[in-house]
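Okay, here's what each chain looks like letter by letter:
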Amino acid sequence: MASALTVMFLGFFLWPSVTNAAALRKPIDVPFQKNYVPTWAQEHIKYINRGTEVQLVLDKSTGTGFQSRGSYLFGHFSMQMKLVPGDSAGTVTAFYLSSQNSEHDEIDFEFLGNRTNQPYILQTNVFTGGKGNREQRIYLWFDPTREYHSYSVLWNMYQVVFFVDDVPIRVFKNSKDLGVRFPFNQPMKIYSSLWNADDWATRGGLEKTDWNKAPFVASYRSFHIDGCEASVNEKVCATQGRRWWDQQEFRDLDGLQYRRLLWVRQKYTIYNYCADRARIPTMPPECARDRDV
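The structure contained in this document is the topic of the report that follows. (Residues numbered from 1 in each chain as written. Predicted model: local features only at pLDDT ≥ 70, side-chain atom pairs only at ≥ 80, totals over all residues. Heavy atoms only, no water.)

A full pass over the atoms with the stated rule returns 23 aromatic pairs. Between F109 and F162, the ring centres sit 5.3 Å apart and the planes meet at 75°, which makes this aromatic pair edge-to-face. Of this pair, F109 sits in strand β7 (residues 106-112) while F162 sits in strand β11 (residues 159-164), and the two are 53 residues apart along the sequence. You can call F109 buried: its relative accessible area is 0%. Here the aromatic residues F32, Y36, Y47, F66, Y220 and F223 are joined through ring pairs into a cluster of three or more. A cation over a ring is seen here: R291 above Y258, with NZ or CZ 3.7 Å from the ring centre. (Phe/Tyr/Trp six-rings, centres within 6.5 Å; stacked < 30°, edge-to-face > 60°. Helix = DSSP H or I, 4+ residues; strand = E, 2+ residues; numbered from the N terminus. Buried < 20%, exposed > 50% of the residue type's maximum accessible area, 1.4 Å probe, protein only. Lys NZ or Arg CZ within 6 Å of the ring centre and 35° of its normal.)

Next up, the structure:
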């Protein structure tokens, strides 16, 4: 539970009234069936209130997952999630975008479960041209199992931004001029899944899934997609600045958003590939531009 000091800090530092903030558009709540279909083990997906909410169920036999009906090249994608409560060690709940080839692009939220009363870890990653190894890990400033919270991705030609409740927790800028590939020409589908990953998810695999606590349930609602739909055969989705997320104010974070990002970096980041010299001896060139150092 957040301390009183944290709550005061959020109110004072994160949400002052600022006229030049590039506010994201409010997601449109739509039923699951409008934008998504089951991917595997559909009998482990439960529909509530005519599909306005769904639950993914993991037991010892299988997990489950779903994917978007369309493929998209740029846009704003969000979902409200309530994670597996209690002893979730060994489980992973994921929300991600991915293309479909050997040199794939991918934008990941992965929620790594933990023992009861131990915090979830949110791991993000960005793959470009099949290359990943850009993991960052943070703790959240709230309990993600008690209530629904919004997780979203803003993706355009200039940046990929990960948001938690409209707070930017990570930026991946287009650093093509530095020799870093950027996801700009491979349409991606949106996926979510719940599965057992106790070989690595919690304390590097030391904590195993306690199947006596099964079934494990993750809940979802507000299946928002505002993107440029493209078939997987198309290379370019010609928005040409016509969508709101293509406009000038969304080509970078503003001052308030960078302060929020710095707050996450200083208070909640527990791993950042940009700072891991033992694993990556030379700092990746995108790290300075992404303000990760």
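Here the narrative resumes.
Take the pattern of salt bridges next. Pairs can form between side chains of opposite charge whenever their charged atoms are close. Considering all chains together, one arrives at 10 salt bridges under this definition. The salt bridge partner of R115 is D87, with a shortest N-O separation of 3.0 Å. Pair noted here: R115 is in the loop between β7 and β8 (121-127) and D87 is in the loop between β5 (72-82) and β6 (91-98), with a separation of 28 residues, a long-range link. (Salt bridge = Lys/Arg side-chain N within 4 Å of Asp/Glu carboxyl O.)

Within the fold, D254 resides in the loop between β14 (216-229) and α3 (255-268). Among the polar contacts listed, one links the side chain of D254 to the backbone nitrogen of L256, at a separation of 3.2 Å. (Polar contact = N/O pair within 3.5 Å; in protein donor to acceptor, adjacent residues only side chain to side chain.)

Here we come to the state of the cysteines. The final tally for this structure, using the stated rule, is one disulfide. Two residues share a disulfide in this structure: C274 and C287, whose sulfurs sit 2.0 Å from each other. Here C274 and C287 share a disulfide; its torsion about the S-S bond, -85°, makes the bridge left-handed. Of this pair, C274 sits in the loop between β15 (269-272) and α4 (286-289) while C287 sits in helix α4; the two residues are 13 residues apart in sequence, bridging distant segments of the chain. Classification of C274 as buried rests on a relative accessible area of 1%. Since its relative accessible area comes to 0%, C287 is described here as buried. (Disulfide = S-S within 2.5 Å.)

Another aspect to go through is the sheet that holds strand β12 (residues 167-173). If you walk across this open sheet you meet the seven strands as β2-β3-β14-β5-β10-β11-β12, and the pairing is antiparallel. For this open sheet the edge positions go to β2 (45-48) and β12, each flanked by a neighbour on one side alone. Each strand of the sheet is rotated relative to its neighbour by a mean of 20°, with strand direction disregarded. As paired elements, β11 and β12 share six bridges and run antiparallel to each other. Paired with V161 across the strands is V171, a residue of β12. Sheet strands touched by α3: β11 and β12. Its angle to β12, the strand with the most contacts, is close to 100°. (Pairing = 2+ DSSP bridges. Axes fitted to C-alpha atoms, helices over the stretch in contact; angles between N-to-C directions. Contact = heavy atoms within 4.5 Å.)

What follows concerns a nonpolar patch on the surface. Taken together, the side chains of M157, Y158 and F184 make up a nonpolar region of the molecular surface, amounting to roughly 240 Å² of accessible area. Position of M157 among the secondary structure elements: in the loop between β10 (149-155) and β11. (Patch = residues over 30% accessible without salt bridge, like charges linked within 9 Å, V, L, I, M, F, W, Y side chains within 5 Å. Areas by Shrake-Rupley, 256 points an atom, 1.4 Å probe, with all protein chains shown as cover.)

With that out of the way, let us pick up the side chain of D108. On the secondary structure map, D108 appears in strand β7. In this structure, D108 is buried with no salt-bridge partner, the nearest side chain bearing the opposite charge being R170 at 8.3 Å. (Lys, Arg positive; Asp, Glu negative; His and termini not counted.)

The next point concerns the pairing of strand β3 (residues 53-58). Sheet topology note: the β2/β3 ladder contains four bridges and is antiparallel. Note that in β3 the partner of K46 across the bridge is Q55. For β3 and β14, the ladder comprises six bridges, and the chain directions are antiparallel. Residue pairing for β14: V54 is matched across the bridge by Y220.

Attention now goes to the sheet that holds strand β13 (residues 189-196). What links the strands of a sheet is backbone hydrogen bonding, and the strands pair in either a parallel or an antiparallel sense. In spatial order, the strands read β1-β4-β13-β6-β7-β8-β9-β15; together these eight strands make up an open sheet with antiparallel pairing. Both edges of this open sheet fall to β1 (36-40) and β15, since each of them pairs with a single strand only. Each adjacent strand pair in this sheet contributes to an overall mean axis angle of 15°, direction not counted. Where strand β4 (residues 64-68) lies against β13, four bridges are found, and the strand directions are antiparallel. Bridged to F66 within β13 is S192. The strands that α3 touches are β9 (136-138) and β15; relative to β15, the one it contacts most, it runs at about 95°.

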